[in-house]
Amino acid sequence: DHLVNQIAAGEVVERPASALKEMLENSLDAGADKITVDLAQGGIKLIRVTDNGGGIVPDDLPLALDRHATSKIASLADLESVATLGFRGEGLASIASVSRLTLISRPHEEAHAHQIIAIDGALHPVEPAAHAPGTSVEVVDLYFNTPARRKFLKSENTEYAHCAATFERIALAHPQVEFLLRHNGKVVWRLPSQSLAERVGALLGKDFVDSALPLETTAGGLQLAGFVASPTYSKASRDAQYFYVNGRFVRDKTAQHALRQAYRDVLHHDRHPAYALFLNIDPAGVDVNVHPTKIEVRFRESQAIHQFLFHSVNKALAATTA
Ligand code: ADP
Ligand code: MG
């Protein structure tokens, strides 16, 4: 079973950034509004995520590290959203099978915290610990027990860059949540709870958001909100393209194409536009690729999505040049 976990882990935990993504999503699922991330050596040495969310009662600590144990499928309706969210109940178990993992938690109604340690996938007994209300997950020495996988990791700098990108994508979509990111003890991001405009300004630059065009359109069950670069903004690059479907960051060819086309149509140039856009759509209309590490989606009606995105952005741009 340990081997099965390790193999599964290779799928789910491609690199430190994939573990970080799982951990951050768990903190958000737990209702946290304050999340602190500590990384060391690009996340290879340490990934620690501390939150002030609902926490886990002591009896459930071993369950949280059990494969396919998820507290998040409560109803049949949930099962449907599982199809769109991808794998469930594999995150922590997979990470634990390829690291030294410590899970410390204190539900708000408990007087004390408890912790459980998993080393090489083996669980130690639950013990009392010290922690504020909320949860910390600490992942040390990723892939220490699977040297073949460890060899696939890139340099610390590259792994750190992936972690930072993951952090930024999630932070952008949750402006009301306070975030702190440290790498090797140095503060990289300190983001207070703020408005979306302020969060976009913090992450993409004040000059971007100050000149950006705010967007808010609805049509045929589709809803688009966010900011696109003004025609005069010249710093755009592929790195400044944030596109979310139902709150989740995705890279989508249809969206990229529609947006690029909208800029080309109005401005007659072919740069990569900068944007932070949130598309909301009936979950039945998207296939989130079932693989947990993928950031791609498949729209059932991609033609309609393309048109909607193109027209929304085209109209906003055209208004500024009219
Ligand atoms: P999933 O998120 O798909 O349920 P995970 O393996 O990521 O599976 O987590 C297993 C369980 O551990 C979760 O269902 C949740 O009950 C608990 N858990 C994990 N992280 C946290 C956290 N930060 N705060 C509260 N509960 C958590
Ligand atoms: Mg999870």
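See the structure above.
Residues numbered from 1 in each chain as written. Chains lettered and ligands numbered in written order. Predicted model: local features only at pLDDT ≥ 70, side-chain atom pairs only at ≥ 80, totals over all residues.

Novice: Is there a simple way to explain the overall build of the protein in this structure?
Specialist: Counting secondary structure elements, the protein contains 11 helices and 16 strands. Of all intrachain contacts in the protein linking residues separated by at least 6 positions in sequence, the fraction that spans at least 24 positions is 67%. (Helix = DSSP H or I, 4+ residues; strand = E, 2+ residues; numbered from the N terminus. Contact = placed C-beta atoms within 7 Å.)

Novice: Is there a simple way to explain the environment of Leu309 in this structure?
Specialist: With respect to the helices and strands, Leu309 occurs in helix α11 (residues 302-321). The buried category is assigned to Leu309, around which 25 C-beta atoms lie within 10 Å. Along the chain, Leu309 and Glu156 lie 153 residues apart, while their C-alpha atoms are 37 Å from each other. Apart from the residues lying within four places of it in its own chain, the contact partners of Leu309 are Leu224, Ala255, Ala258 and Leu259. (Buried ≥ 20, exposed ≤ 12 C-beta atoms within 10 Å, placed from the backbone.)

Novice: Hey, could you run me through unusual backbone geometry in this one?
Specialist: At Gln41, a residue that is not glycine, the phi angle is positive and equals roughly 50°. Within the element layout of this structure, Gln41 appears in the loop between β1 (34-40) and β2 (46-51). Taking the number of C-beta atoms within 10 Å as the measure of exposure, Gln41 has 15 and is therefore partly exposed. Despite not being glycine, Asn184 has its phi angle at roughly 50°, a positive value. Among the structural elements, Asn184 can be located in the loop between β8 (178-183) and β9 (186-191).

Novice: Just to check I follow, could you spell out the sheet that holds strand β11 (residues 222-228) for this structure?
Specialist: Sheets are built from strands paired through backbone hydrogen bonds, the pairs being either parallel or antiparallel. Strand order in the open sheet formed by 5 strands is β10-β11-β14-β12-β13, with mixed pairing between adjacent strands. Edge strands, defined here as strands with exactly one partner in the open sheet, are β10 (213-219) and β13 (248-249). Where β10 and β11 come together, 7 bridges link them in antiparallel fashion. Of the residues in β11, the one forming a bridge with Thr218 is Gln223. (Pairing = 2+ DSSP bridges.)

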